[in-house]
Amino acid sequence: MLNVVIIGASGYAGADLAGLVQGHPQLQLKGLYVSANSQDANKAFSALHPQYLGLIDLPVQPLTDEGMAEAMAGTDLVCLATAHEVSMDLAPQFLAAGIKVFDLSGAFRVEQAGFYDQYYGFAHNQPEWLNKAVYGLAEWNADAIAQAELIAVPGCYPTASLLALKPLQAAGLIQVGSKPIINAVSGVSGAGRKASVGTSFCEVSLNPYGVFTHRHQPEISHHLGTGVVFQPHLGNFARGILATLYVQLADGVTAEQVDAAYQAAYGHQPLVRLSAQWPSIRGVAGRPFCDLHWQLQDGLLIVGSAIDNLLKGASSQAMQCININYGFDQTTGLI
Ligand SMILES: NC(=O)C1=CN([C@@H]2O[C@H](COP(=O)(O)OP(=O)(O)OC[C@H]3O[C@@H](n4cnc5c(N)ncnc54)[C@H](OP(=O)(O)O)[C@@H]3O)[C@@H](O)[C@H]2O)C=CC1
Ligand SMILES: CC(=O)N[C@@H](CCC(=O)OP(=O)(O)O)C(=O)O
């Protein structure tokens, strides 16, 4: 059994990941942590997330200096379900101790000059690890993920968007000079567990946000290799992302070519489902899948892509990466 530690376990992504680790036949939950001064420190995990009562009753421990030493002792791998700057600080410490890191934050996803200053509001101070990190888009980077010490699990919107676009890009089907347009709606859990007016029950409706400024636009462009237009929206539901993508195809591209591109990419992949119907939040909420469907008319391709932001968009993709890295079947503990 491999000993797993989760930092940020009280949060939405960390909690889902704890549940997945608990159900995995080769992994053992060794410790769950929150910040040193957390108001939840030492509470039972199941008191915070009652669906795990009797299943995960470990306490969430404060990550003090002593807690850090305990978190490292005898640990095989650590999952960081923490804010970007916290992950940037913690990852190198675990890596220096020989512990593999699966980071759910954006801290190690994009190696591009000025990116963190502009989109995250801080200067990246770990350029060597940023260079070594492997982007954990599981269906596309499996060989590199298998060799990596530091895996940067992709963002939720980038996962939904890249899984839809990469088969088209790889097959050279996108019109050169055009930018795919991504219109996406996320449930409120995407904003994390901490209370804020903008995400409180009476405030959330359906609205765009982050117009022209969202950090996932450059993350998607960087890993796709071409520019995109990306517009996120906040919806009044708890979990799930539905992205609708508009792609101008190269002249003469046929539906058969599009189908062949998606089949080549995902025909053998168990966690991306090429659906006969338009995907929905209902079809993926609580599940580790990405569902895709598309239709072509007069050179314009419309693609629907749905994921659970906390699963395929975070914790289950992290688990897929763990499975790939340790040579387990990639669906172990997931379906
Ligand atoms: N929610 C989502 O859909 C997705 C989230 N992500 C990323 O995953 C990460 C976690 O997101 P999410 O679960 O939504 O966030 P939450 O705000 O729900 O959870 C954050 C967790 O981190 C803990 N924490 C905060 N500061 C520290 C610290 N200094 N040391 C240790 N633990 C700390 C918090 O506990 P406390 O404050 O009590 O200490 C809490 O457990 C983020 O980087 C996010 O960008 C990625 C993809 C999707
Ligand atoms: C609804 C909502 O607020 N969603 C978050 C994205 C969540 C996410 O996980 O992305 P990172 O891992 O890159 O932080 C946002 O738009 O910032």
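Just so you know, these numbers come straight off a predicted model, no measurement behind them.

Reading the values: rules and limits
Residues numbered from 1 in each chain as written. Chains lettered and ligands numbered in written order. Predicted model: local features only at pLDDT ≥ 70, side-chain atom pairs only at ≥ 80, totals over all residues. Heavy atoms only, no water. Axes fitted to C-alpha atoms, helices over the stretch in contact; angles between N-to-C directions. Helix = DSSP H or I, 4+ residues; strand = E, 2+ residues; numbered from the N terminus. Parallel < 35°, antiparallel > 145°, perpendicular 65-115°, else oblique. Contact = heavy atoms within 4.5 Å. Nonpolar A, V, L, I, M, F, W, Y, C, P; charged D, E, K, R; others polar. Expected span 1.5 Å × (residues − 1). Bend = angle between axes of the 7 residues up to and from the residue. Buried < 20%, exposed > 50% of the residue type's maximum accessible area, 1.4 Å probe, protein only.

**Student:** Teacher, can you tell me more about the packing of helix 8 (residues 156–170) against helix 12 (residues 311–326) here?
**Tutor:** Two measures define how a pair of helices packs: the angle their axes make with one another and the distance between the axes. At a minimum axis separation of 8 Å, helix 8 and helix 12 run at an interaxial angle of 95 degrees. Compared by their axis directions, helix 8 and helix 12 come out roughly perpendicular. Across the interface between the two elements, Cys156, Thr159 and Leu163 of helix 8 pack against Lys312, Gly313 and Gln317 of helix 12. For the contact of helix 8 with helix 12, the class distribution of residues is two nonpolar, three polar and one charged.

**Student:** Help me understand helix 8 in this model?
**Tutor:** Three- or four-residue spacings in an α-helix give side chains the same orientation, since the helix completes a turn every 3.6 residues. For helix 8, with 15 residues, the first-to-last C-alpha span of 21 Å sits near the 21 Å given by 1.5 Å per residue. Taking the largest bend as the criterion, helix 8 deviates by roughly 35 degrees, centred on Leu162. Immediately beyond the C-terminal end of helix 8, within one or two residues, lies Gly172, with a positive phi of roughly 70 degrees.

**Student:** Before we go on, may I ask you to explain unusual backbone geometry in this structure?
**Tutor:** We note that Asn42 has phi near 75 degrees; this positive angle belongs to a residue other than glycine. In this structure, Asn42 sits in the loop between strand 2 (27–34) and helix 2 (45–48). Since its relative accessible area comes to 54%, Asn42 is described here as exposed. At Asp298, a position not held by glycine, the phi torsion is positive, near 50 degrees. Among the secondary structure elements, Asp298 is positioned in the loop between strand 13 (290–297) and strand 14 (300–307). Its relative accessible area of 77% is what places Asp298 among the exposed residues.

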